[in-house]
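What follows is the residue order along each chain.
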Amino acid sequence: MTEAKKVVFITGATSGFGEAAAQVFADAGWALVLSGRRLARLESLKERLHGQVPVHIIELDVRDKDAVKNAVAALPAEFASITTLINNAGLALAPQPAQKVDLEDWQTMIDTNVTGLVNVTHALLPTLIKKGAGTSIINIGSIAGQWPYPGSHVYGATKAFVKQFSYNLRCDLLGTGVRVTDLAPGIAETEFTLVRTKGDQAASDTLYRGTTPLSALDIAQQMFYIATLPDHMNINRVEVMPVRQAWQPFAIDRD
Ligand code: NDP
Ligand code: 8X3
């Protein structure tokens, strides 16, 4: 087993970017704290990676602030000194226009992408500050936090929160050595669209068909790059799109 001196805490490690990040950090010898709601997936990830590095899995819903606090307090000693927190757990729901969306879907996005991210950050800040130089918080934002598009409504707004919270954290963490980055991907093929469409596999396949979206590995490699920069460097924000994605002209309502 590779000796692991650094520890990464990944939320939403059961699929997509988080799962790919687990593999990338394991390949570099980091110990892993992997969390998500689907325990069976966490167990199979652990089964796959524990021969490489120490792996601690936590069945965790980031919306539950007490569960988050308890999970951090209960980290085994080997995993307790977190080097990098990747706040990745998140989702979009309801791609319809705002006026057709159930309020519950908006609340779920806010509870997960905003409150959940804040819960985990708050629980781990003392650990990161104690460790100081070389530690990082990598918050997964989105191009939707910067650029408007139809059907983005609350999802994009939650990711705008992620961006501003990341910048504001940097102000308060000045002098602690803790770095903060808003990593904002564009279209990437994961389970994201399946979740957004509530299980519509055909809609998900159609979105990614005939183009070249980002892959989960692309973003995992960006996470690793950010986490392993020299201690004195902080990338504030990375916005990354596939070459085959860009903006469109403003829409105009006409008679
Ligand atoms: P996936 O759906 O593949 O992964 C999402 C992950 O978030 C899963 O592991 C899921 O785990 C976890 N998650 C969702 N809700 C909760 C919760 N309440 N508590 C704990 N974990 C939760 O999508 P992606 O990998 O694409 O998404 C990862 C992040 O990237 C999200 O924040 C998303 O908004 C963002 N993003 C995605 C883009 C894309 O095009 N794919 C582009 C830009 C940003 P589980 O269900 O087991 O809890
Ligand atoms: C989601 C990315 O391109 O669907 O965060 O807005 S995109």
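I will try to describe carefully the structure that is included in this document. (Residues numbered from 1 in each chain as written. Chains lettered and ligands numbered in written order. Predicted model: local features only at pLDDT ≥ 70, side-chain atom pairs only at ≥ 80, totals over all residues. Heavy atoms only, no water.)

Observations regarding the overall build of the chain
Cut-off, in case you're wondering: For the purposes of this entry, the term helix denotes a DSSP run of H or I that reaches at least four residues, the term strand denotes a run of E that reaches at least two, and both are numbered from the N terminus. Each radius of gyration is computed over the set of C-alpha atoms, and the globule rule expresses the reference value as 2.2 Å times the number of residues to the power 0.38. Note on classification: 1.4 Å probe, protein chains only; a residue is buried when its accessible area is under 20% of the maximum for its type, exposed when over 50%, partly exposed between these limits. Throughout, the Shrake-Rupley method with a 1.4 Å probe supplies accessible areas, and for residues the shown protein chains are the sole cover considered. Counting rule for charge: Lys and Arg are taken as positive, Asp and Glu as negative, and neither His nor the chain ends is counted. For charged residues, the charge sits on one atom: NZ in Lys, CZ in Arg, CG in Asp, CD in Glu.
Looking only at helices and strands, the chain has nine helices and nine strands in total. Relative to the globule expectation of 18 Å for 255 residues, the C-alpha radius of gyration of the chain, 18 Å, shows essentially globular dimensions. Principal axes of the C-alpha set define a box for the chain whose edges measure 65 × 40 × 35 Å. Put simply, the chain has 255 residues, and 47% of those count as buried. Of the accessible surface of the chain, which amounts to about 12800 Å², a share of 54% is contributed by carbon and sulfur atoms. Averaged over its 23 positive side-chain charges, the chain has a centre that lies 4 Å from the centre of its 25 negative ones.

What to know about the packing of helix α3 (residues 65-73) against helix α5 (residues 103-131)
Put simply, the rule is: Note on definitions: angles span 0 to 180 degrees between N-to-C directions of axes, and those axes are lines fitted to C-alpha atoms, for helices only across the stretch in contact. When describing relative orientation, an angle under 35 degrees is termed roughly parallel and one over 145 degrees roughly antiparallel, while 65 to 115 degrees is termed roughly perpendicular and anything else oblique. Note on convention: near helix rotated counterclockwise from far helix by under a right angle means a left-handed crossing. Clockwise means right-handed. In what follows, a contact means two residues having at least one pair of non-hydrogen atoms within 4.5 Å. When residues are grouped by polarity, Ala, Val, Leu, Ile, Met, Phe, Trp, Tyr, Cys and Pro land in nonpolar, Asp, Glu, Lys and Arg in charged, and all others, Gly among them, in polar.
Two numbers describe how α3 lies on α5: the axes approach to 9 Å, and their chain directions differ by 30 degrees. It follows from the interaxial angle that α3 and α5 lie roughly parallel. Crossing of α3 against α5: the hand is right-handed. Judged by residue contacts, Lys65, Val68, Lys69 and Val72 of α3 engage Asn119, Val120, Ala123 and Leu124 from α5. Looking at the contact of α3 with α5 residue by residue, the class counts come to five nonpolar, one polar and two charged.

Considering the site of ligand 2
Note the following rule: Only a single heavy atom is needed: when it lies within 4 Å of a molecule or strand, its residue is near that molecule or strand. For this analysis, a polar contact is any N or O atom pair within 3.5 Å, provided that within protein one partner can donate a hydrogen and the other can accept it, and provided that sequence-adjacent residues contribute only side-chain to side-chain pairs.
Lining the immediate environment of ligand 2, one finds Ser142, Ile143, Ala144, Tyr149, Tyr155, Gly186, Ile187, Phe192, Arg196 and Gln245. Within the side chain of serine 142, an N or O atom sits 2.5 Å from an oxygen atom of ligand 2. Within the contact set of ligand 2, an oxygen atom lies 2.8 Å away from a side-chain nitrogen or oxygen of tyrosine 149.

Some points on the sheet that holds strand β9 (residues 237-240)
The cut-off we apply is this: At least two DSSP bridges between two strands are required for those strands to pair.
The seven strands lie next to each other as β3-β2-β1-β4-β5-β6-β9, forming an open sheet whose pairing is parallel. The open sheet has two edge strands with one neighbour each: β3 (55-59) and β9. When the angles between neighbouring strand axes are averaged without regard to direction, this sheet yields 15 degrees. Here four bridges tie strand β6 (residues 179-185) to β9, and the two strands are oriented parallel to one another. Residue alanine 184 lies in a different strand from β9, and its bridge partner there is glutamate 239. Relative to β6, helix α9 (residues 216-227) is tilted by about 160 degrees, and along the sheet it contacts β4 (84-87), β5 (136-140), β6 and β9.

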